[in-house]
Amino acid sequence: MPLNVLLVEPKTPGNIGAVARVMRNFGAQQLFLLEPRCVVGERARRRSRGGESILREATYVQRIADCEADVVIGTSGVTGDSYNVLRRPVGPRDLAQRLDRSRDILLVFGREDHGLSNKELRRCDAFAHIPAARDYPVLNLSHAVGIMLYEFSRTETKT
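Everything numeric in this text was worked out from a predicted model, so none of it was measured. (Residues numbered from 1 in each chain as written. Predicted model: local features only at pLDDT ≥ 70, side-chain atom pairs only at ≥ 80, totals over all residues. Heavy atoms only, no water.)

S.K.: Teacher, can you tell me more about the overall build of the protein here?
M.R.: From N to C terminus, the protein includes 6 helices and 6 strands. In the protein, the order of α-helices and β-strands from amino to carboxyl end is β-α-β-α-α-β-β-α-β-α-β-α. The globule rule puts the C-alpha radius of gyration for 159 residues at 15 Å, and the 15 Å found for the protein is close to it. The dimensions of the protein, computed from C-alpha atoms along their principal axes, are 45 × 35 × 30 Å. Out of the 159 residues belonging to the protein, those deemed buried represent 44%. Sequence-distant contacts in the protein: of pairs separated by 6 or more residues, those separated by 24 or more amount to 86%. (Helix = DSSP H or I, 4+ residues; strand = E, 2+ residues; numbered from the N terminus. Rg over C-alpha atoms; globule rule 2.2 N^0.38 Å. Buried < 20%, exposed > 50% of the residue type's maximum accessible area, 1.4 Å probe, protein only. Contact = heavy atoms within 4.5 Å.)

Structure (structure tokens):
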């Protein structure tokens, strides 16, 4: 059912606007902003093109737990290594196909410069990773949101 997005400490207004736009493209419901590091103003509004209502109705939160959701999915462009592995990441398509879509789902995206902390990832029920080129695995925030939402839009609702 509802598919929502949480951006943790986003620092670029243009990215926030682009996320609102891509949310509208794929029918995502609610945008949550956890302590944005920028003013969400005119630049974000211009980039939201068609997603202005999502941007205007964004909810500001202070922690992940403030977002009501049945399933919380953390995302990361980096999967860790032998000294820092929290859990095994799942690709967006596999994750979208496995989840019960009748439940409220929250996709959590980390900071543009260093993603989600281990503490934040521990608050998530699952961990998604979008495979990209090994020498440059980190996507732009709005592109990552778009890919995740696209994969969820392709799956049928499971009950």
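Now that the structure is up, let's keep going.
S.K.: Just to check I follow, could you spell out the side chain of Glu-151 for this structure?
M.R.: Structurally, Glu-151 can be placed in helix α6 (residues 141-154). Taking the relative accessible area as the measure of exposure, Glu-151 reaches 9% and is therefore buried. Once residues lying within four places of it in the same chain are set aside, the contact partners of Glu-151 are Pro-92, Arg-93 and Ala-96.

S.K.: In this structure, what is going on with the packing of aromatic side chains? I would like to understand it.
M.R.: To describe a pair of aromatic rings, you give the distance between the ring centres and the angle between the ring planes. By the definition in use, this model includes 1 aromatic pair. Ring centres of Phe-26 and Tyr-150 lie 6.1 Å apart, and the angle between their planes is 75°; this geometry places the pair in the edge-to-face category. In this pair, Phe-26 is assigned in helix α1 (residues 13-26) and Tyr-150 in helix α6, connecting sequence segments 124 residues apart. Looking at Phe-26, the relative accessible area reads 30%, which means it is partly exposed. (Phe/Tyr/Trp six-rings, centres within 6.5 Å; stacked < 30°, edge-to-face > 60°.)

S.K.: So what exactly am I meant to see when it comes to α1 here?
M.R.: An ideal rise of 1.5 Å per residue puts 20 Å on 14 residues; α1 measures up with 20 Å between its terminal C-alpha atoms. Among the 14 residues that make up α1, 10 are buried, leaving the element largely enclosed by the rest of the structure. Within the span of α1, buried status applies to Pro-13, Gly-14, Asn-15, Ile-16, Gly-17, Ala-18, Val-19, Ala-20, Val-22 and Met-23. Each element contacted by the buried residues of α1 is listed here: β1 (3-8), β2 (31-34), α2 (42-48), α3 (52-56) and α6. Among the residues trailing α1, Gly-27 stands out with phi positive, at a value near 75°. (Expected span 1.5 Å × (residues − 1).)

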